[in-house]
Structure formats: structure tokens, C-alpha cells
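# Remarks on the overall topology
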Amino acid sequence: MISVLEAKQHIIKHVKSPRVEEKLLSDALGFVLAETLLAEIDTPPFDNSAMDGYAFSYSKWDKKSALTVIGEVQAGSENSLKTGANEAIRIFTGAPVPPEVDTVIMLEKVERNADKITLLDENLKQGGNIRPKGSQTKKGDVALQKGQLVTPAGISYLAGMGYSKVKVFTKPKVSIIITGKELVKAGETLETGKIYESNGIGLTAGLRQLGIEPVSVAQVDDVSESIENAIESQLNSDIIILTGGVSVGNYDLVPAALEKCGVEKIFHKVKQKPGKPFYFGTTSNALIFALPGNPAAVMTCFYEYVVTAIDALMQKTHLKTLMLSLENDFNKKPGLTNFLKGKTTENGVKILDSQLSYMLNSFAIADCLITLDEDKTEYKKGDLVVVLMIA
Ligand code: AMP
Ligand code: MG
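Structural notes, computed from the coordinates. (Residues numbered from 1 in each chain as written. Chains lettered and ligands numbered in written order. Predicted model: local features only at pLDDT ≥ 70, side-chain atom pairs only at ≥ 80, totals over all residues. Heavy atoms only, no water.)

## Let's talk about the sheet that holds strand S18 (residues 264-268)
Two strands in a sheet stick together by hydrogen bonds in their backbones, pointing the same way (parallel) or opposite ways (antiparallel). Heads up, the rule is: At least two DSSP bridges between two strands are required for those strands to pair. Strands are runs of DSSP state E lasting at least 2 residues, helices are runs of H or I lasting at least 4, and numbering of each runs from the N terminus. Each axis is a line fitted through C-alpha atoms, taken for helices only over the stretch in contact, and angles between the N-to-C directions span 0 to 180 degrees. We call two residues in contact whenever any of their non-hydrogen atoms come within 4.5 Å of each other.
Reading across from one edge, S16-S13-S17-S21-S20-S18 is the order of the six strands in this open sheet, with mixed pairing throughout. Here the strands that pair on one side only, and so sit at the sheet edges, are strand S16 (216-220) and S18. On average, each strand axis in the sheet is tilted by 15° relative to the strand beside it, whichever way the strands run. Pairing between strand S13 (residues 174-179) and S16: five bridges, direction parallel. When the bridges of S16 are listed, Ile-176 appears paired with Val-217. Its contacts with the sheet put helix H1 (residues 4-14) on S18, strand S20 (279-282) and strand S21 (287-291), and the angle it makes with S18 is roughly 160°.

Below, the structure is given as C-alpha cells:
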């Protein structure tokens, strides 16, 4: 059996090269740039006024007289009026600064009488209240680096430079295959021995949390042929997540079915709790995560492993990892890494009750998974632990 760290290293090693696609800028939110973008123009593209006020030539002003207002310039228009000594032009925010003008005084800092303004701003300096051409970006400068997450502000910034498309790392195509003869859908009668299927919808929601819609969610019986057919039909996906049927029971048919479909086993079983029977394999283009069916093991393996692979494919860290201080003592057996449902508090993180792999009552209110090391047995309040934020 391999350790959690080894399992993650294997997964990272087998992740395929990220694919790149061109997207409309308006659709690029939450993706990571696959190219370094250069400023296509100077921004601002021209000297413009930062204020509503009056524009004038500071050097031609005698520093004592009122200025005569000789015209106005609005945002979006042009004004080539030339100002002489002690002359000013009414100007609005964002309007291009007319030739020979080098200073703007705020509207609130003048007293106007007919066409005369008296300047009342003692702190006014030459060049004041003007946003110079190229003061944000100069044409050809790096605007955003490859690897940058596209944020709403980033989209606005790039749009301001005239960008309408960008290259980003693509979302993977993910398929889900649920196995288990005991599973019935919500709404159906729960006969003895049957349980409601919950992994499919839980994994779908987990993917949606990352902005990914699964390409298919299939449910099959514990019958080799059905499992094989389901796998075959999804082999063109980037990621296949299976649940159930990966441990050692007579009806745990998934590893053999995967082998029959040409999947290369990379590892089977990890020194962890929950999710010990976790299987990982690959084909030339797909990563296959076959997770033990217990619902808490499924969600844990999804957050700890599947998300790791999706992160690598999208070059994005979807979930934050923190070091937090434990709020309670905890004892565990040595030999297995424990992933525990936790809830962050003002001072750290609390380990919740109900940690068994078939239970979701604690998972449902958890906002994080706490990692407790394989070999450690005693944790004390105040110990620092690794915490993966899931909500
Ligand atoms: P398995 O890994 O197939 O041995 O399943 C382990 C446990 O998880 C069993 O108690 C199953 O009934 C349960 N289980 C498996 N798949 C699901 C599912 N999709 N939804 C809810 N429980 C499941
Ligand atoms: Mg089963």
C-alpha cells in the first residue's frame, strides 16, 4: 500500500498536458491565462482629465488673475481650442485635455462669475488632475502574465485595452459512473436491502463547485459487462470517476473491468481513512479514479485527489490549503493518514463528530478536511494541522 503523498505524486505525474482554448473574454472568468498578454494600446490612450473642472496652461497663468473661460470639452469629444494667457476651458472627467493645457482645477475649487473663474486651490500644482497617456500601460508592455487567474477586474482591464478573446487552459471533460446493485434513485420505493443513490449527485455538485459540468452520469449494476460498457463509452473523457466495487468483495468488479478496457493500473489502495481501496489508472488520454462507494470516502477522495488532477489540468488552485490550530485533542491509530471533516472557527479548526465513511451528517456541515499524518497518534489542542477548505 502506498502513502497519501505517493498517491498524489503518481496522480500529478500522470496528468496530461493542459489543453489550451481561445475564449471570448466575456466567457473567460475563472479560467487561467495560457498566454502572456501584452498591452495592445497605451492606456489611457490620451491625456485626459481626472476631474470635472477647468483646464488651463499653468505656465501661461500669471498666478494672480482670474481666468477667462473660452469653451468646453466633454468626455468622448475632441476640442482643439487653444488657450492663451489666463484662459481656461471647462472640462469633464475623462475628456481629452486640449493642446497646451497641462493642468486641471476641480470644479469645487473655483469661484465662477459669468465667464471668469477665480482659482481657490492653494495646493494646485502644474500637471494636477491630469491622467497622462500610457500611465497605466504602455503599448507592448506585459498587461497580464500567463498563469494569471482571470477575475472580473481582469476582464474589465483587458476589455479596456480592446481585448475580446483570450487563450486559457481548458476545463477537463469528466464522466461519472456509479456502480452498485443496491442503489435506487430518489422517488423510487426503498425495498429491503436497497439504498438511495447519492454519490452521483454529490460528485456532480462537487464538479459544479469547480465550474465543471460532468459530460455524463451513468449508473450500472454490479455486472462486469455493464461496467465495461459504461467505461468503454466514456474513454474519450479526460477524467472518469467511478464509485463502488473497488475493494475485495465478490461483487467488486471495477478493477477487472478497467483492466479489460485497457486501463493501466497505477495504484490500488492507499494508506488512508476513509477511502483505503481507492484505485487510480490511466489510458493514453484519460485519468481514471475508481473510488470506494461509501459516500464520505467518495467526497473525500474527490476533494483530495480528483481536484488535484483538475487543478493541474486547469493550472488553477481551486481549493485553499491552510495551516490551522486544532480546537480539540484527537487520538488516532498509526498507519493511515486520516482525512477528517472539520469546521473552522475564529481561532482555528474543530474536528467534527461522526467521522465514519458511510456517514455524511458531519460532512454536510463541514467546511474543510483536516489531514492527520499517517504515523502520528496523538494530536493536542493547539497543534497545527493541514486543512483543505471545501466550502
Ligand atoms: P462498495 O464500495 O461498492 O463496496 O460500497 C461501499 C458502501 O457504499 C456500501 O455500503 C454501498 O451500499 C455504499 N454505496 C456504494 N455506492 C453508493 C452510492 N452511489 N450511493 C450511496 N451509497 C453507496
Ligand atoms: Mg458495491
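## Looking at the side chain of Arg-90
Going by this rule: Partly exposed describes any residue whose relative accessible area lies between the buried limit of under 20% and the exposed limit of over 50%, with all areas from a 1.4 Å probe on protein chains only and scaled to the type maximum. Only four residue types enter the tally: Lys and Arg on the positive side, Asp and Glu on the negative side; His and the chain ends are excluded. Basic side-chain nitrogens of Lys or Arg form a salt bridge, by our definition, when they fall within 4 Å of a carboxyl oxygen of Asp or Glu. Whenever a nitrogen or oxygen atom comes within 3.5 Å of another N or O atom, the pair is scored as a polar contact, on the condition that within protein one atom can donate a hydrogen and the other can accept it, and that pairs from neighbouring residues in sequence are kept only if both atoms are in side chains.
Residue position: Arg-90 is located in strand S6 (residues 87-91). The buried charged residue Arg-90 lacks any salt bridge, with Asp-52 as its nearest oppositely charged partner at 4.7 Å. From its side chain, Arg-90 meets the backbone oxygen of Gly-53 in a polar contact 3.2 Å long.

## Examining the environment of Lys-165
Position of Lys-165 relative to the elements: it lies in strand S12 (residues 165-169). Along the backbone, Lys-165 and Gly-342 are 177 residues apart, and their C-alpha atoms lie at a distance of 41 Å. Leaving out residues up to four positions away in the same chain, Lys-165 has contacts with Glu-22, Lys-23, Leu-24 and Leu-25.

## Quick notes on the environment of Ile-370
In this fold, Ile-370 is placed in strand S26 (residues 368-372). For the pair formed by Ile-370 and Leu-324, sequence separation is 46 residues and the distance between their alpha carbons is 9.2 Å.

## Focus: the packing of aromatic side chains
Inclusion rule: The rule is short: rings of Phe, Tyr and Trp, with Trp giving its six-membered ring, pair when the centres are within 6.5 Å, and they are stacked under 30 degrees, edge-to-face over 60, tilted in between. Whether a charge sits over a ring comes down to the Lys NZ or Arg CZ being within 6 Å of the ring centre and within 35 degrees of the ring normal.
In total, this model carries nine aromatic pairs according to the counting rule given. Ring geometry for Tyr-58 versus Trp-61: centroids 6.1 Å apart, planes at 70°, classification edge-to-face. For Trp-61, a relative accessible area of 13% corresponds to the buried category. With a centroid separation of 5.3 Å and an interplanar angle of 70°, the aromatic rings of Phe-302 and Tyr-303 are classed as edge-to-face. Clustering of aromatic rings is evident, with ring pairs tying together Phe-267, Phe-278, Phe-280, Phe-289 and Tyr-305. Across from the ring centre of Tyr-305, 5.8 Å away, lies the NZ or CZ of Lys-8, which sits over that ring. One cation-aromatic arrangement involves Lys-376 over Tyr-379; the distance from NZ or CZ to the ring centre is 4.4 Å.

## Observations concerning the pattern of salt bridges
Throughout the structure, instances matching the rule amount to ten salt bridges. Between Glu-21 and Lys-23 there is a salt bridge; the shortest N-O distance is 3.8 Å. Overall, Lys-23 belongs to the buried group, its relative accessible area being 18%.

That's the geometry; what it means functionally is another story.
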